[in-house]
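The residues making up each chain are set out below.
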Amino acid sequence: MNITRIEMRELRMQLLHPFETSFGVTQERRIVLLTVSDGDRTGYGEVTAGEGPFYSHETSETAWHVLRDFIIPKAIGKEIESAPGFAPFAQGIRGHHMAKAGLETALWDLEAKTKGIPLWKMLGGRRERIDCGVSIGIQPSIDKLLARIETEVNAGYRRIKIKIKPGWDVEVIRQVREAFPKILLMGDANSAYTLADIDLFRKMDRYDVMMFEQPLHHEDMIDHAELQKHIETPICLDESIHSADDARKAIQIGACRIINIKLGRVGGHAQARAVHDVCRDHGIPVWCGGMLESGVGRAHNIALSSLDNFSLPGDVSASKRYWKEDIIAPEVEVSREGQIAQRNDPGIACAVKEDLVRKLTVRTQVFQK
Ligand code: OSB
Ligand code: MG
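Residues numbered from 1 in each chain as written. Chains lettered and ligands numbered in written order. Predicted model: local features only at pLDDT ≥ 70, side-chain atom pairs only at ≥ 80, totals over all residues. Heavy atoms only, no water.

**Examining the sheet that holds strand E8 (residues 212–213)**
1) Next: Strand order across the open sheet formed by seven strands is E5-E6-E7-E8-E9-E10-E11, with parallel pairing between neighbours. The strands lining the two open edges of the sheet, one partner per strand, are strand E5 (134–136) and strand E11 (286–288). (Pairing = 2+ DSSP bridges. Helix = DSSP H or I, 4+ residues; strand = E, 2+ residues; numbered from the N terminus.)

What follows is the structure, given as structure tokens:
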């Protein structure tokens, strides 16, 4: 593949509902979209960084800077055999995985389109349907949360994740479990607790919770291993896992029994697959996390979720839960059974609505060789 043109755009997209976590509220997304061409075809990738440095140190703005000044100058005009040939463009740049993943994933899409095959098959996936869950933000009241859960359960979603934080935890979990005795339920703390909260986790341990996601510090593994010794509910790591090596170490010390894989957090498809493989080899199930993506990021998540060890429902759900109109056609739809079917068109297997993208764009930069 000849990388002859790279286009970077920033889009502003309004979420249908504000999304609240232990680290803040998101209403308007700033999405950096990457377009890479070889003269014939176009691949698309999305930077999943948030607007502020709260989930991770990266932001849409830092990703723009790192891509423009460090990654794209190394990539433009180069010829690579296949998408893993991206690695040298990121060599020596510490961190900034979401910036790297924006371009890396676009190259995977481009390669699959060049070969005329769907990306999920090129990645080696075999799941023709993926199981979907939803992530429900912190709500103004428990009654509102119960109503949201009912809507999602009725829509067919197979697993409900609620966000927890100090003051919105034990009693919330207790009431949700009472109202919905059978659902697969999990809680995501986004690092809101410390080891001083072990007793609180032991209380929540009683309600048949599928997993607690990232209860402790975003860079920690040691304390998570300690917490796991005191509770039955599996710990799932999100923020702490940036690579296959991190996954290996976390598993080795017993810091988690499940891992959430996010393309942005680990730096793209090559590393996501490596994390997947390490987990598979150690008998640790994985699922695909979400970052309030537009259709482009969503389509990449769907392709990744086709790999065998994505055996738990992920946070990959329908476009209409987020956007009045998504930037891809067809939009992502979830069946009554709570599944998304893989599509068999080449690459990310959907079209990008260029007119809508142009309308949502607030800045563009083009690189050409
Ligand atoms: O921790 O999984 C998370 C959204 C933004 C940042 C971090 C997280 C999330 C979600 C939403 O939980 C998942 C989604 O619906 O895209
Ligand atoms: Mg999470």
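**So, the domain arrangement of the chain**
1) Next: Taken domain by domain, the chain holds domain 1 (5–116 + 350–368) and domain 2 (121–341).
2) Next: Taken together, the 38 residues of domain 1 in the interface contact 45 residues of domain 2.
3) Next: The largest contributions to the domain 1 side of the interface with domain 2 come from Tyr 55, Trp 108 and Lys 353, which together make up 20% of the buried area.
4) Next: Taken together, the connections running from domain 1 to domain 2 amount to three salt bridges.
5) Next: Counting the contacts that link domain 1 with domain 2 gives 20 residue pairs in polar contact (both at pLDDT 80 or more).
6) Next: Contributions of two or more residues to the side of domain 1 that touches domain 2 are made by strand E1 (5–21), strand E2 (24–37), strand E3 (42–47), helix H3 (97–115), strand E14 (351–352) and helix H13 (354–360).
7) Next: At eleven residues, H3 tops the list of elements feeding residues into the side of domain 1 that touches domain 2. (Domains from an automatic or database assignment. Contact = heavy atoms within 4.5 Å. Buried area = accessible area lost by both parts, 1.4 Å probe. Salt bridge = Lys/Arg side-chain N within 4 Å of Asp/Glu carboxyl O. Polar contact = N/O pair within 3.5 Å; in protein donor to acceptor, adjacent residues only side chain to side chain.)

**A few points about the nonpolar core**
1) Next: By size, the foremost hydrophobic cluster in this structure holds 120 residues, and its most contacted members are Ile 6 and Ile 259.
2) Next: For this core, the leading source of residues is H3, giving eight residues.
3) Next: Summarising the domain contributions, this core has at least three residues from each of domain 1 (5–116 + 350–368) and domain 2 (121–341).
4) Next: Among the nonpolar cores identified, the runner-up in size contains seven residues, and Met 186, Met 210, Met 211 and Trp 287 belong to it. (Core = buried A, V, L, I, M, F, W, Y, C linked by side-chain atoms within 4.5 Å. Buried < 20%, exposed > 50% of the residue type's maximum accessible area, 1.4 Å probe, protein only.)

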